[in-house]
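Survey of secondary and tertiary structure
Below, each chain spelled out in residue letters.
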Amino acid sequence: MKNITSPLILVDGSSYLFRAYHAMPNLTNPEGHPTGAIYGVINMLKRLIADYQPDFMGVIFDAKGKTFRHERYTDYKANRPPMPDDLREQIAPLHQMIAALGLPIYAIEGVEADDVIGTLARQANEQGIETVISTGDKDLAQLVTEHVTLIDTMKNAKLDVPGIKEKFGVPPEHIIDFLALMGDSVDNIPGVPGVGNKTALALLENYPGIEAIYENLESVPQLTIRGAKSLAKKLQDNREMAYLSRELATIKTDVTLDFTLEQLKISKPDSDALLALYDEFGFRTWLNQLNKNTAEEEKPQPQKGEYHTVFTQAEFDELLKKIRNADLVAFDTETTSLNYMDAELVGISVSYEPAKAYYIPLAHDYEGAPTQLDRDSVLSAFKPLLEDASQRKFVGQNLKYDMHILQNYGITMQAIRDDTMLASYVYNSVANRHDMDTLAAKHLNHTTIHFEDIAGKGKKQLTFNQIALEDAAPYAAEDADVTLQLQQVLINKLEETSSTLSSVYRDIELQVMPVLMRMEHHGVAIDRERLDTQSQEIAVKLEQLQQDAFELAGSEFNLGSPKQLQSVLYDDLALPIIKKTPKGQPSTAEDVLQELAETYDLPKKILEYRSLSKLKSTYTDKLPEQINSRTGRVHTSYHQAVAATGRLSSSDPNLQNIPIKTAEGRRIRQAFIAPEGYKIVAADYSQIELRIMAHLSKDASLLDAFSQNRDIHRATASEIFGVTEDEVDAEQRRRAKAVNFGLIYGMSAFGLAKQLHVARDEAQHYIHTYFARYPGVETYMENTRQQAKEKGYVETLVGRRLYLPEIKASNAMRRKAAERTAINAPMQGTAADIIKLAMIQVDKWLTENMPETKMIMQVHDELVFEVPEKHFETFKPAIRDIMVSALPLDVPLLVDIGDGLHWDDAH
């Protein structure tokens, strides 16, 4: 072993396990088995191997059961909560995966992983073998020597002897004394009461270790440190505890091991075992990397791209001829900005056969850039092809952006065949990402050139026009090539999976895309002065709320700091702790403050402050900054491929989250104004999800109530409280409304009781009575749960799918959440389908009959328009007719329409 050139790597597997569990999101495989910790640990191990290329490596875990430290001190680690069930489930498969990677893995009973690592590190150190210990545990700092270093893979931090001194304030040989004096709350090592970090450091600066401190206690009061006079007595009174703490903190380096350093040699991975494990736990990328030709995946292998840069007119003419004759052409633009209204076109890339693509540079303007074709001439040549709706030959990735760019140059792109982002989204909306890099890795087994690879990162990142063509051209051409190949894979997957799914893609998502583009491009008129005034008024209110909070707290603190708020609420005011964070700290989350606010004034003030502060920073301050200088309007971006249920989301600005129930939120809506000669018209589906529930459940009472256009909340109150509809009072209607909406979101009796501020038994009575009066709803819910478990997904009325990877999860909480999603998703998803279908039909009608009228916003179940006053009376009934007939149901759809000079008036 002495002749090895790479270092010995010792991994603190238990440290890895807990850090990965808390750092990773709640990932699961298709069967609902938790996988986040497994993924995090394996990912870190792979990175270690890549960084160090070791020949010898050991992954050490804590064994089950107590150790010698528990025998020595019964309260050792007593504060640690039990291991979460969803983490415990991951340990066995993680160990299997590590072993299958060919990595030696050990857990020795009676000692901790630290002790095994300490023993191996000592053995290696004695042989002069360079050793790297990978951990996030500070205790292991005591093992660092000239030949032993620590590496924290998560933080990418490496600590040698000087590094330990710089980080902890003491050298490695005094880490044990440091821990013995100040204790360790994580392991429940008591230390000396009253001795904290600073005092421990000060003592060790004056005395070389704990024994020297106790040999010289009489000199401690003369030290120039805070509390020195009483410190000697504290040390004297807790001498036994200090020495016990040192014993507990000392890592054993003489554990009897049944293996040697030579047995830590990494062996060849067991490919068959890894293939099975990666497949079982849903690690598709690793599966692809391990065996590209596995029959299970059957993914096409990308050919090495043949990419060309088009500089001359002759080359361009020849390319244009090929494009005209091609059946399918991938098209992509390269620009100066992600802001579609300000972006300038830098180049165009196209591909009409796999592994072959062309980049046409148009506006690279760095020093020494070669001569390029004239942008206007190239666009003029492309224009008839791109605008020919009868020749739908173009495919793109997030084509809506490219449509915006072309629109900036007077080209209305209509020759669209496919969009790979939307195809991926419809194929599986639960997949986290639908960007090109992710899709290429997932479906083509191909790692793309990333933008940061050619442009750099951060403030020094280049815009595309500044990037040298030798870097820019392959990147741009690859985009077109990959898009073409993805189209072939994804469209086949869609069609093979379900004809109705393919229809959702073609008849809804592809059709609504240009509608959204036109809405975005037109934008919304904003009253800057109104927002400026509101922003100033909110600033005054925030100042007053802050002063009120200071008075209630009895001291000044930063209202935006969770840590300071935590201290004020739970230490100073001793408010009850309702919930803790994953790290065991009292929570200051929104739901916790809301519960506390029912009894205490300070949390109520904090919530008011947070709400107003968010309104100010997100809207009243920011909206004026987002007004485009060229159009004088605000241009949002609608996202089709984000929400799993099919609902649209928006950003820059986010129009979906402007509150409507508060006066301040409504005032923001008043800043969304109509231009002169126009009015704002808002058309809003009324109770659409409840109507969809009636259709899906076929419940006779619900169908009857909606068919007769009765007030559904009053009708439900009548059923629940056993009174006539005329006798229902406002409070009964409010409770019935909570039941109606709560049940379609899968709310439990506990949740309903909390919302209504009633006893759980009373809430349960409401639910029982509701189901007794509407038995079809209960039957629908139970059938939906069962079908979701059998199929692994639920569908909307038009066939959109929502996969439920945790519907069979062993963790009850996650399984119940998936069941609630299963019940609600068909309603929420169908509502999303209906409004998209309505948008498509409304847009068509406007184009043909009223082109001056513009659809300007879509917010939840509402469409907002700018309507010329001269068309006002004609417009309303026509739009209502289109919206109510967008998708026929067993109950009538109802649309409320309002109008005014601003959005708040119209809603």
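Treat the numbers as computed from the prediction; the structure is a model and nothing was measured.

1. Observations concerning the nonpolar core
- Counting 112 residues, the largest nonpolar core has F672, Y685, M857 and F865 as the members making the most contacts within it.
- Ignoring anything within four residues of it in the chain, the contact list for F672 reads V524, A525, I526, L623, L655, I658, I680, M857, L901, H902 and W903.
- Listed in part, the 64 residues of the second largest apolar core include L159, A180, V195 and I213.

2. Let's talk about the confidence of the model for the chain
- Here the chain shows a mean pLDDT of 90. Residues at 70 or above account for 97%.
- Note on residues 293-302: pLDDT under 50 across the span, and 17 contacts to partners over four residues away in sequence or across chains.

3. Quick word on the packing of helix α7 (residues 175-182) against helix α11 (residues 239-249)
- Running from N to C, α7 and α11 point in directions that differ by 130 degrees, and their axes come no closer than 8 Å. By the angle between their axes, α7 is oblique relative to α11. Crossing geometry of α7 relative to α11 is assigned as right-handed. Seen from α7, the contacting residues are I176, D177, L179 and A180; seen from α11, they are A242, S245, R246 and A249.

4. A look at the sheet that holds strand β7 (residues 306-309)
- Pairing is mixed across the open sheet formed by six strands, whose spatial order is β7-β10-β9-β8-β11-β12. Where the open sheet ends on each side, the last strands, each with one partner, are β7 and β12 (416-419). If you compare each strand with its neighbour and ignore which way they point, the axes differ by 25 degrees on average.
- The pairing of strand β11 (residues 394-396) with β12 spans three bridges and is parallel. Residue pairing across strands places V395 opposite D418, the latter belonging to β12.
- Relative to strand β9 (residues 345-353), helix α14 (residues 313-325) is tilted by about 50 degrees, and along the sheet it contacts β7, β8 (329-335), β9, β10 (356-361) and β11.

5. Some remarks on helix α6 (residues 161-168)
- Residues G163, I164 and F168 constitute the buried set of α6. Taken end-on, α6 shows its buried residues confined to a sector of 105 degrees, consistent with a single buried face. Among the exposed residues of α6, those oriented more than 90 degrees off its buried face are P162 and E166.
- The opening residue of α6 is D160, an N-cap whose side-chain oxygen sits 2.9 Å from the backbone nitrogen of G163.
- Phi turns positive, to about 90 degrees, at G169, one or two residues after α6.

6. Focus on unusual backbone geometry
- Cis geometry is found at the peptide bond from D652 to P653, where omega equals 0 degrees.
- Tracing the sequence through the fold places P653 in the loop between β16 (649-651) and α27 (663-669).
- Even without a glycine there, the phi angle at N709 is positive, about 55 degrees.
- Of note, N709 is situated in the loop between α29 (700-707) and α30 (712-721).
- We note that H757 has phi near 60 degrees; this positive angle belongs to a residue other than glycine.
- Along the chain, H757 falls in the loop between α32 (749-756) and α33 (760-773).

7. Concerning the pairing of strand β17 (residues 678-685)
- As judged from the seven bridges shared by β17 and strand β21 (residues 862-868), these two strands associate in the antiparallel manner. By the bridge assignment, V681 is partnered in β21 with F865.
- Pairing of β17 with strand β22 (residues 895-900) involves six bridges; the strand directions are antiparallel. Across the sheet, the residue bridging to D684 is D896, located in β22.

8. Overview of the packing of aromatic side chains
- Scanning the model with the defined rule gives 21 aromatic pairs in all.
- Both rings, one in Y278 and one in W286, keep their centres 5.5 Å apart while their planes meet at 55 degrees; by these two values the pair is tilted.
- You can call W286 buried: its relative accessible area is 6%.
- Measuring from ring centre to ring centre gives 4.9 Å for F865 and F875, while their planes differ by 70 degrees; the resulting arrangement is edge-to-face. Residue F865 is located in strand β21, and its partner F875 is located in helix α36 (residues 872-884); the two are separated by ten residues in the primary sequence.
- Of the residues examined, F865 reaches a relative accessible area of 0% and is grouped as buried.
- Here the aromatic residues Y39, Y278, F283 and W286 are joined through ring pairs into a cluster of three or more.
- Taking the ring centre of F68 as reference, the NZ or CZ of K252 above it sits at 5.5 Å.
- Across from the ring centre of F872, 4.7 Å away, lies the NZ or CZ of K679, which sits over that ring.

Scoring rules and cut-offs
- Residues numbered from 1 in each chain as written.
- Predicted model: local features only at pLDDT ≥ 70, side-chain atom pairs only at ≥ 80, totals over all residues.
- Heavy atoms only, no water.
- Core = buried A, V, L, I, M, F, W, Y, C linked by side-chain atoms within 4.5 Å.
- Buried < 20%, exposed > 50% of the residue type's maximum accessible area, 1.4 Å probe, protein only.
- Contact = heavy atoms within 4.5 Å.
- pLDDT = per-residue confidence, 0-100.
- Axes fitted to C-alpha atoms, helices over the stretch in contact; angles between N-to-C directions.
- Helix = DSSP H or I, 4+ residues; strand = E, 2+ residues; numbered from the N terminus.
- Parallel < 35°, antiparallel > 145°, perpendicular 65-115°, else oblique.
- Left-handed = near helix turned anticlockwise from the far one by under 90°.
- Pairing = 2+ DSSP bridges.
- Arc of directions from axis to C-beta.
- Polar contact = N/O pair within 3.5 Å; in protein donor to acceptor, adjacent residues only side chain to side chain.
- Phe/Tyr/Trp six-rings, centres within 6.5 Å; stacked < 30°, edge-to-face > 60°.
- Lys NZ or Arg CZ within 6 Å of the ring centre and 35° of its normal.

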